[in-house]
Amino acid sequence: MADSGQAKAQEEPVKYYALKEVEEHNNEKSLWVVIHNKVYDVTMFLASHPGGEAVMLEQAGKIASEPFDDVGHSSDAKALKEEHYIGELATADRVANDKEKTPNYNETPEAKQSWCQLL
Ligand code: HEM
């Protein structure tokens, strides 16, 4: 009946994209990137990306988690990317143990040591 659709209208079902599909969106006309197993359509953001278009085009259609983290994007930038979120990477293509890198996140004892040396 009419009221049965009410709750559904507010819940967006999560969309899953195969990496193969993401890879097709690899140019300025349609530019998707994967960051930590999440898919972002940054086509409309490309021209206003403060880091420029070239770096983004280099990652077009790719898994860009490491390049994104390595830049040391601000928390504002991380929040901003959620505006471009379109879905999740398909289960078969997901990167295992894909954690966001932060300066306090020490993956290995060597990494920890190098951080200590910096301090
Ligand atoms: C949805 C995805 C992205 C968003 C929302 C985003 C947003 C931003 C923002 C807001 C800045 C300004 C500095 C800051 O606040 O951190 C920035 C800078 C930058 N971004 Fe992105 N970015 C994205 C993806 C990428 C990717 C995939 C790369 C590839 C390496 C990249 C490379 C850079 C670089 C090199 C800078 C300049 C850093 C600097 O001047 O110190 N960004 N980005």
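Residues numbered from 1 in each chain as written. Predicted model: local features only at pLDDT ≥ 70, side-chain atom pairs only at ≥ 80, totals over all residues.

Visitor: Explain the site of the ligand to me, please; I cannot follow it from the model alone.
Guide: Near the ligand there are 20 residues, and of these G51, P67, S74, A77 and K81 occur at the shortest range. At the level of elements, α3 (53-58), α4 (65-70) and α5 (75-81) are the ones that each hand at least two residues to the shell around the ligand. When grouped by side-chain class, the residues that make up the shell around the ligand number 12 nonpolar, 6 polar and 2 charged. (Near = placed C-beta within 6 Å. Helix = DSSP H or I, 4+ residues; strand = E, 2+ residues; numbered from the N terminus. Nonpolar A, V, L, I, M, F, W, Y, C, P; charged D, E, K, R; others polar.)

Visitor: Sorry, what's going on with the pairing of strand β4 (residues 38-41) here?
Guide: Within a regular strand, the side chains alternate between the two sheet faces. One ladder, built from 4 bridges, connects strand β3 (residues 30-35) with β4; its direction is antiparallel. Residue W32 lies in a different strand from β4, and its bridge partner there is D41. Taking the residues between adjacent antiparallel strands as the criterion, β3 and β4 are bridged by 2 residues, where H36 takes a positive phi near 50 degrees. (Pairing = 2+ DSSP bridges.)

Visitor: Looking at this structure, how should I read the sheet that holds strand β5 (residues 85-89)?
Guide: Strand pairs in the sheet, formed through backbone hydrogen bonds, run parallel or antiparallel to each other. Taken in spatial order, the 5 strands make up an open sheet running β1-β5-β4-β3-β2, and their pairing is mixed. If you trace the sheet from one side to the other, it starts and ends with β1 (16-17) and β2 (26-27), each paired once.

Visitor: Is there a simple way to explain unusual backbone geometry in this structure?
Guide: Glycine aside, the phi torsion of most residues is negative, and most peptide linkages are trans. Positive phi outside glycine occurs at H36, with the angle close to 50 degrees. Looking at the element boundaries, H36 is found in the loop between β3 and β4. Look at N37: it is not a glycine, yet its phi comes out positive at around 65 degrees. As for its position among the elements, N37 is in the loop between β3 and β4.

Visitor: How should the nonpolar core be read in this particular structure?
Guide: A general trend in soluble globular proteins is that nonpolar side chains are found buried together. Membership of the largest hydrophobic core comes to 15 residues, with the highest contact counts inside it found for W32, V33, V34, I35, V39, Y40 and A64. Elements with a minimum of two residues in this core: β3 and β4. Among all residues touching V33, those that are not within four sequence positions of it are Y40, V42, Q59, A60, K62 and A64. (Core = buried A, V, L, I, M, F, W, Y, C linked by C-beta atoms within 7 Å. Buried ≥ 20, exposed ≤ 12 C-beta atoms within 10 Å, placed from the backbone. Contact = placed C-beta atoms within 7 Å.)

Visitor: Mind showing me how you'd approach the environment of H73 here?
Guide: Mapped onto the elements of the fold, H73 is located in the loop between α4 and α5. You can call H73 partly exposed: it has 16 C-beta atoms within 10 Å. Sequence separation between H73 and G51 is 22 residues; the distance between their C-alpha atoms is 9.8 Å. Sequence-distant contacts of H73, that is, excluding residues within four places in its chain, are made with F68 and K78.

Visitor: I'm lost on the pairing of β5 in this one. Help?
Guide: The pairing of β1 with β5 spans 2 bridges and is classified as parallel. Each bridged residue has a counterpart across the sheet, and for Y16 the counterpart in β5 is E88. In this structure, β4 lies alongside β5, joined through 3 bridges in antiparallel fashion. From the neighbouring strand, Y40 faces β5, where its bridge partner is Y85.

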